[in-house]
Amino acid sequence: MSGRGTDIAAGRSGGGSHFLALDGLRGVAALFVVAHHVEDSGFDFGLFSRGYLAVDFFFMLSGFVLSHAYDRRFAAGLDWTAFMKLRLLRLWPVMAIGVALGVAVAWGGAVAPDLLAIRAAAALLFIPLPLATIHLFPLNGVQWSLFFELFANALHGGPLKRVPVAALARLLAASVLLLFVVAFLHGDLKLGHVVGGWLGGFARVLVGYISGMLLYRLWCRVGAQAPRLDARWVCVALVAALVAPALSPAGWWWIDPLVVVTLFPAVLWFGATAAVSARWRGLAAASGAISYPLYAFHLPLLELGERLGDGVGGAAAGGFRLAAALLAIALAWWWSRADWRFLRPSPGRSLAWP
């Protein structure tokens, strides 16, 4: 960490209203999800097989950042209905574009028009389809996590907003126990996106989101005294935490929940106070801005690239898949740079996640 005060910005920017280093971490997590799905489509890098754990980090970030953004507003009288409207205004427009991409890709496949219409309507209403053979949200598989995000938001804006720290810690302990149980039964935490592991998604979101809420309340008490690490090292720590389970021996069912309950909280804690050098501040902000649209857009595009690649065959097939990933990044960048004021929940608020 540099000692030059003019070159280092606090992890919080914008007059203390924003955590800049956490934007960078969110972007790293989004890229890991994309890389995980690229591996699933035929590229076996051997490093991203547990990239789905980035979703657990997203849940934790949401609990932390939304506590920062709304806890005082809850105390001032913000009610559950108004809070959920704000959350839907933040999450729905970007996901609707992701669903539209899923419809466009499915339209060129073998899905009957009436079934496609049902799937599109359910996706736009965030209703899972338990009869789906692959995903609860077959048009855009990542939408399962947004369903659980809204579930956690509903708890946050309802009973959890007034729960004291001690009770929140007990609830977290029970959720952690449940998380280890579902990991033991399933063998890992790749749960929540299909019918068979749907209930495991509740364990994942409860541990991640409640951890974030609890970390924020503790951070408000002692966070100012936390060591200010260089944000680049915190990003490296997140990458290591996401890669380590992929390199662990087969049969280590406990490695996924262990990373979630030990390494992710440490990364988030130090990320909240991490120092971001002037040369990296723009990249950190851009990384956070593209993270949610990239998450929402990439899977249908990867499926399109896989379909085109399979049609061509040979070495060119891999090129189509990589081109689809780059297209998703470019589209997310375009979305983050465009002026969507009419979609914003309040003046001056971006559409970055969460």
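In this text the structure is predicted, and so the values were computed from the model without any measurement. (Residues numbered from 1 in each chain as written. Predicted model: local features only at pLDDT ≥ 70, side-chain atom pairs only at ≥ 80, totals over all residues. Heavy atoms only, no water.)

### Side note on the nonpolar core
If you look at the biggest cluster of nonpolar residues, it comprises 97 residues, and the most contacted ones within it are Phe57, Phe64, Leu189 and Phe264. If one sorts the elements of this core by residue count, helix 2 (residues 53-75) sits on top with 13 residues. Apart from residues no more than four positions distant in its own chain, Leu189 is found in contact with Tyr52, Leu53, Leu179, Val182, Ala183, Arg204, Asp256, Pro257 and Val260. (Core = buried A, V, L, I, M, F, W, Y, C linked by side-chain atoms within 4.5 Å. Buried < 20%, exposed > 50% of the residue type's maximum accessible area, 1.4 Å probe, protein only. Helix = DSSP H or I, 4+ residues; strand = E, 2+ residues; numbered from the N terminus. Contact = heavy atoms within 4.5 Å.)

### Describing a nonpolar patch on the surface
Together, Leu177, Leu178, Val181, Phe184 and Leu185 line one region of the surface with nonpolar side chains, adding up to about 520 Å² of accessible area. We classify Phe184 as exposed; its relative accessible area is 52%. (Patch = residues over 30% accessible without salt bridge, like charges linked within 9 Å, V, L, I, M, F, W, Y side chains within 5 Å. Areas by Shrake-Rupley, 256 points an atom, 1.4 Å probe, with all protein chains shown as cover. Salt bridge = Lys/Arg side-chain N within 4 Å of Asp/Glu carboxyl O.)

### A word on the side chain of His156
Relative to the elements of secondary structure, His156 occurs in helix 5 (residues 143-157). Beyond its immediate chain neighbours, meaning those up to four positions away, His156 contacts Leu66, Ser67, Asp71, Phe74, Lys161, Tyr209 and Met213.

### Observations regarding the packing of helix 2 against helix 7 (residues 198-222)
Relative to each other, helix 2 and helix 7 sit at 40°, their axes nearing to 7 Å. Here helix 2 lies oblique to helix 7, going by the angle between them. In the crossing of helix 2 with helix 7, the sense of the turn from one axis to the other is right-handed. From helix 2, Leu53, Val55, Asp56, Phe59, Met60, Ser62, Gly63, Phe64, Leu66, Ser67, His68 and Asp71 reach across to helix 7, where they touch Arg204, Val205, Gly208, Tyr209, Ser211, Gly212, Met213, Leu215, Tyr216, Arg217 and Trp219. Residues of the contact of helix 2 with helix 7, tallied by class, amount to twelve nonpolar, seven polar and four charged. (Axes fitted to C-alpha atoms, helices over the stretch in contact; angles between N-to-C directions. Parallel < 35°, antiparallel > 145°, perpendicular 65-115°, else oblique. Left-handed = near helix turned anticlockwise from the far one by under 90°. Nonpolar A, V, L, I, M, F, W, Y, C, P; charged D, E, K, R; others polar.)

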